[in-house]
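Structure assessment
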Amino acid sequence: MTLKAPGLKAIVTVMLKPGVLDPQGRAIGHALGNLGFAGIGEVRAGKVIELELAETDPVRAQAQAEEMARRLLANTVIESYAVRLAENI
Amino acid sequence: MRAGLVIFPGINRERDMAIALQRSTGHAPRMIWHRDTDLDGLDLVVLPGGFSHGDYLRCGAMAAQSPVMGAIRAHAARGGYVLGVCNGFQILTEAHLLPGALLRNAALRFLSMDCHLRVERADTAFTARWQPNDVFRAPMAHGDGNYFADDDTLDRLEGEGRVAFRYVAQDGTLDPRANRNGSARAIAGIYSENLRVLGLMPHPEDLVDPLLGGEDGKPLFDSIANALAA
């Protein structure tokens, strides 16, 4: 059994900004079309990064995860990020 | 002149780069492990190509956080010269020593082939052995070389003469077919504001020996050797 940290979990979603070409998303959309799925508009692919935090205060945890996203997890020249907190269970 | 070559885990072009530097400068570069921070006495710091840290998260993102990068930032701030090729260019953008970012190639394919580069200006320490608008052949080998920056940044780079090289057809004309990775405004390499930090995607260091098919990339290293000869 893995011991879980008692704090919160931050779920960071990183996506290419609108207007930044996402050839991977386009290729996925194309492949879905090949599988027979119809009516697919634009497809965009991103990353989800889950972080276990020792911090138990949601406001501070949110701020900490956002700083991590800004400084490393996302390259804000090309990517946007969103941070969501969840109970670490 | 003294050159240093930074070794990150996962890079693979350091020996080619060392040979190119030695051929032009007459000295073997100092090898610098990415955890070292001593750049004393170096005129030029080179970040070679490869796949530092396995390209985890984004190409160059992990290497940009290495201890050596703080020292490189200080070296650049005091007017030192920096050259980043391929992954080295990606690392320089991730470290914000150069603006913009390198996206996945527009057609998603890893590109391993020769390209032609046009020398946009021949009055810098990196290009003085060329003439403006000279075209030279360079090998490229990358999956993420699609240069991106917002329009304001691109306008500023062009306005300040900071575009170093563009992907062109063999005759030097701009042609979307020659811009294989889809780079904004066909940009293959850019300078810092003081023209002393250069990043580019293709590999001039891999074409400095007739035995390997030509010396098209050698003027880059000859220019550096000459400019930093003091």
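Up top is the structure.
What counts as what
- Residues numbered from 1 in each chain as written.
- Chains lettered and ligands numbered in written order.
- Predicted model: local features only at pLDDT ≥ 70, side-chain atom pairs only at ≥ 80, totals over all residues.
- Heavy atoms only, no water.
- Helix = DSSP H or I, 4+ residues; strand = E, 2+ residues; numbered from the N terminus.
- Rg over C-alpha atoms; globule rule 2.2 N^0.38 Å.
- Buried < 20%, exposed > 50% of the residue type's maximum accessible area, 1.4 Å probe, protein only.
- Contact = heavy atoms within 4.5 Å.
- Areas by Shrake-Rupley, 256 points an atom, 1.4 Å probe, with all protein chains shown as cover.
- Lys, Arg positive; Asp, Glu negative; His and termini not counted.
- Charge placed at Lys NZ, Arg CZ, Asp CG, Glu CD.
- Core = buried A, V, L, I, M, F, W, Y, C linked by side-chain atoms within 4.5 Å.

**Thoughts on the overall build of chain B**
Secondary structure assignment for chain B yields 5 helices and 11 strands. For 230 residues, the compact-globule estimate of 2.2 N^0.38 gives 17 Å, and chain B sits close to it at 16 Å. A principal-axis box enclosing the C-alpha atoms of chain B has dimensions of 45 × 35 × 35 Å. Looking at chain B residue by residue over its 230 residues, the buried ones come to 63%. Looking at chain B alone, contacts between residues at least 24 apart form 75% of all its contacts between residues at least 6 apart. When the accessible surface of chain B is totalled, it reaches about 9,200 Å², and 47% of it is carbon and sulfur. Between the centroid of the 23 positive side chains of chain B and the centroid of its 28 negative side chains there is a distance of 2 Å.

**Overview of the nonpolar core**
Taken as a class, soluble globular proteins show a tendency for nonpolar side chains to be buried jointly. Counting residues in hydrophobic clusters, the biggest one holds 70 residues, and the most contacted among them are Leu 44, Ile 72, Leu 83 and Phe 165 of chain B. Top element by residues in this core is helix 2 (residues 67–77) of chain B. It accounts for 5 residues. With sequence-adjacent residues up to four places away left out, Ile 72 of chain B is seen in contact with Val 6, Leu 39, Val 45, Leu 47, Val 82 and Leu 97 of chain B. Membership of the second largest hydrophobic core comes to 13 residues, among which are Leu 8, Val 14, Leu 53 and Val 83 of chain A.

**Looking at unusual backbone geometry**
Residues and elements named next belong to chain B. With a phi angle near 60°, Asp 55 is a residue other than glycine that sits in the positive phi range. One non-glycine residue, Cys 86, lies in the positive phi region at around 60°. Secondary-structure assignment places Cys 86 in the loop between strand 4 (81–85) and helix 3 (87–94).

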